[in-house]
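Secondary and tertiary structure notes
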Amino acid sequence: DTEVTQTPKHLVMGMTNKKSLKCEQHMGHRAMYWYKQKAKKPPELMFVYSYEKLSINESVPSRFSPECPNSSLLNLHLHALQPEDSALYLCASSQEGVGGSNYGYTFGSGTRLTVV
Amino acid sequence: KNQVEQSPQSLIILEGKNCTLQCNYTVSPFSNLRWYKQDTGRGPVSLTIMTFSENTKSNGRYTATLDADTKQSSLHITASQLSDSASYICVVAGGSQGNLIFGKGTKLSVKP
């Protein structure tokens with residue numbers, strides 16, 4: 001298995017809703033990442049988990065809450081989002097943790113999030 | 001400042017033609033350079049990855065080159081197909097934390 005699987009593929013939520021994005025990989029990668037990508041822009045790093053510990057938080061608002069239940073799973077919990085949070089959310093994984101080799105960096109297909 | 005710059009910003013070519021996309025970077029320390037293809041609304045898909053010692057790598061009709069001295073890379077697409085229409089992103093791994101630094105991409109449109 002050489003894939004990063006993200007669910008759901010599309011999500012529409014209201015500003016008062018609570019939802020979660022899920023990401024899963026079975027490549028034995030020890031680092032997992034969340035990115036946010038607006039249209040016609042490159043992905044922006046949000047969070048990095050290295051060996052199941054949060055190692056980088058790029059000053060992301062608290063309405064985004066990451067969780068890494070185990071080395072294969074990464075969640076992004078969403079609460080009280082704003083319309084400007086609408087974007088493509090990408091998950092990625094790599095072989096080693098922060099500071100180690102990021103060879104084998106693999107992206108998921110993304111979740112297209114629309115906040116109404 | 002660690003930066004990756006790509007050119008052109010957009011490109012339109014006819015099906016069957018070749019094209020070359022450019023990437024210049026100022027990232028230190030340098031770990032590796034990757035080219036990704038991204039279809040609209042989808043995640044990036046890796047095309048090639050090159051380390052410091054590699055100066056060319058092919059993946060089917062895609063050939064990437066790397067000149068580590070001038071800090072330049074190119075992606076050459078041969079005999080383009082309609083399905084090649086996408087954004088092509090140059091990404092350099094490096095910097096103090098080994099992060100990925102993304103270029104803004106080149107949007108390629110292949111017309112019949």
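Preceding this paragraph is the structure being described.
Residues numbered from 1 in each chain as written. Chains lettered and ligands numbered in written order. Predicted model: local features only at pLDDT ≥ 70, side-chain atom pairs only at ≥ 80, totals over all residues. Heavy atoms only, no water.

1. Looking at the overall build of chain B
Summing up its helical and strand segments, chain B has zero helices and 11 strands in all. The order of α-helices and β-strands along chain B, N terminus first, is β-β-β-β-β-β-β-β-β-β-β. Over its C-alpha atoms chain B spans a radius of gyration of 13 Å, differing by no more than 12% from the 13 Å that the globule rule assigns to 112 residues. In terms of its C-alpha atoms, chain B occupies a principal-axis envelope of roughly 45 × 25 × 20 Å. Residues classed as buried in chain B amount to 44% of the 112 residues present. Considering only contacts in chain B between residues 6 or more positions apart, those separated by 24 or more positions represent 55%. Working note: accessible area of chain B is about 5500 Å², and carbon and sulfur atoms make up 48% of it. Charge separation in chain B, taken as the distance between the mean sites of 11 positive and 7 negative side-chain charges, equals 7 Å. (Helix = DSSP H or I, 4+ residues; strand = E, 2+ residues; numbered from the N terminus. Rg over C-alpha atoms; globule rule 2.2 N^0.38 Å. Buried < 20%, exposed > 50% of the residue type's maximum accessible area, 1.4 Å probe, protein only. Contact = heavy atoms within 4.5 Å. Areas by Shrake-Rupley, 256 points an atom, 1.4 Å probe, with all protein chains shown as cover. Lys, Arg positive; Asp, Glu negative; His and termini not counted. Charge placed at Lys NZ, Arg CZ, Asp CG, Glu CD.)

2. Thoughts on empty space enclosed by the protein
A water-sized probe rolled over the atoms picks out the places where empty space is left. All names here are of chain A. Within the structure shown, the criterion is met by one cavity of 30 Å³ or more. As a volume, the largest cavity reaches approximately 50 Å³. Together, His29, Arg30, Ala31, Met32, Tyr49, Ser50, Tyr51, Glu52, Cys68, Asn70 and Ser71 line the largest cavity. Counting only elements with at least two residues in the lining of the largest cavity, the list comes to strand 4 (31-37), strand 5 (44-50) and strand 7 (64-70). (1 Å grid on protein atoms, 1.4 Å probe; cavity = no way out; pocket = protein on both sides within 12 Å on 5 of 7 lines; lining within 4 Å. Points joined across faces, edges and corners; volume = space filled by probe spheres on them.)

3. Topic: the layout of surface pockets
Put simply, the second largest pocket is a space of about 380 Å³. Lining the second largest pocket are 20 residues, and of these Thr2, Glu3, Val4, Thr106 and Phe107 of chain A lie nearest its centre. Elements supplying a minimum of two residues to the lining of the second largest pocket: strand 1 (4-7) and strand 10 (106-107) of chain A together with strand 5 (45-51) of chain B. Take the lining of the second largest pocket: its biggest share by element is three residues, from strand 1 of chain A. Among the residues making up the lining of the second largest pocket, the classes are represented as seven nonpolar, 10 polar and three charged. (Nonpolar A, V, L, I, M, F, W, Y, C, P; charged D, E, K, R; others polar.)

4. Points about the sheet that holds strand 1 (residues 3-7) of chain B
All names here are of chain B. Spatial strand order, 1-3-8-7-6: five strands in an open sheet with antiparallel pairing. Strands at the two margins of the open sheet, each flanked by one partner only, are strand 1 and strand 6 (56-59). Here the strands of the sheet are splayed against their neighbours by 15° on average, with no regard to which way each runs. With six bridges joining them, strand 7 (residues 62-67) and strand 8 (residues 72-77) adopt antiparallel strand pairing. Each residue of the ladder has a partner; that of Leu66, found in strand 8, is Ser73. (Pairing = 2+ DSSP bridges. Axes fitted to C-alpha atoms, helices over the stretch in contact; angles between N-to-C directions.)

5. What to know about the interface of chain A and chain B
On the chain B side, the residues contacting the 16 residues of chain A number 17 residues. The tally of links from chain A across to chain B stands at zero salt bridges. The interface formed by chain A and chain B includes two residue pairs in polar contact (both at pLDDT 80 or more). Mapped onto the side of chain A that touches chain B, the elements with two or more residues apiece are strand 4 and strand 9 (87-94) of chain A. Considering only residue class, the side of chain A that touches chain B consists of 10 nonpolar, five polar and one charged. (Salt bridge = Lys/Arg side-chain N within 4 Å of Asp/Glu carboxyl O. Polar contact = N/O pair within 3.5 Å; in protein donor to acceptor, adjacent residues only side chain to side chain.)

6. Considering the pairing of strand 3 (residues 19-26) of chain B
Put simply, side chains in a regular strand alternate between the two faces of the sheet. Residue and element names in this part refer to chain B. Side chains Cys19, Leu21, Cys23 and Tyr25 project from strand 3 onto a buried face, and the interleaved Thr20, Gln22, Asn24 and Thr26 project onto a face without burial. Two elements, strand 3 and strand 8, share six bridges in a ladder whose sense is antiparallel. When the sheet's bridge partners are listed, Asn24 is paired in strand 8 with Gln72.

Scope: geometric values only; no functional claims are made or implied.
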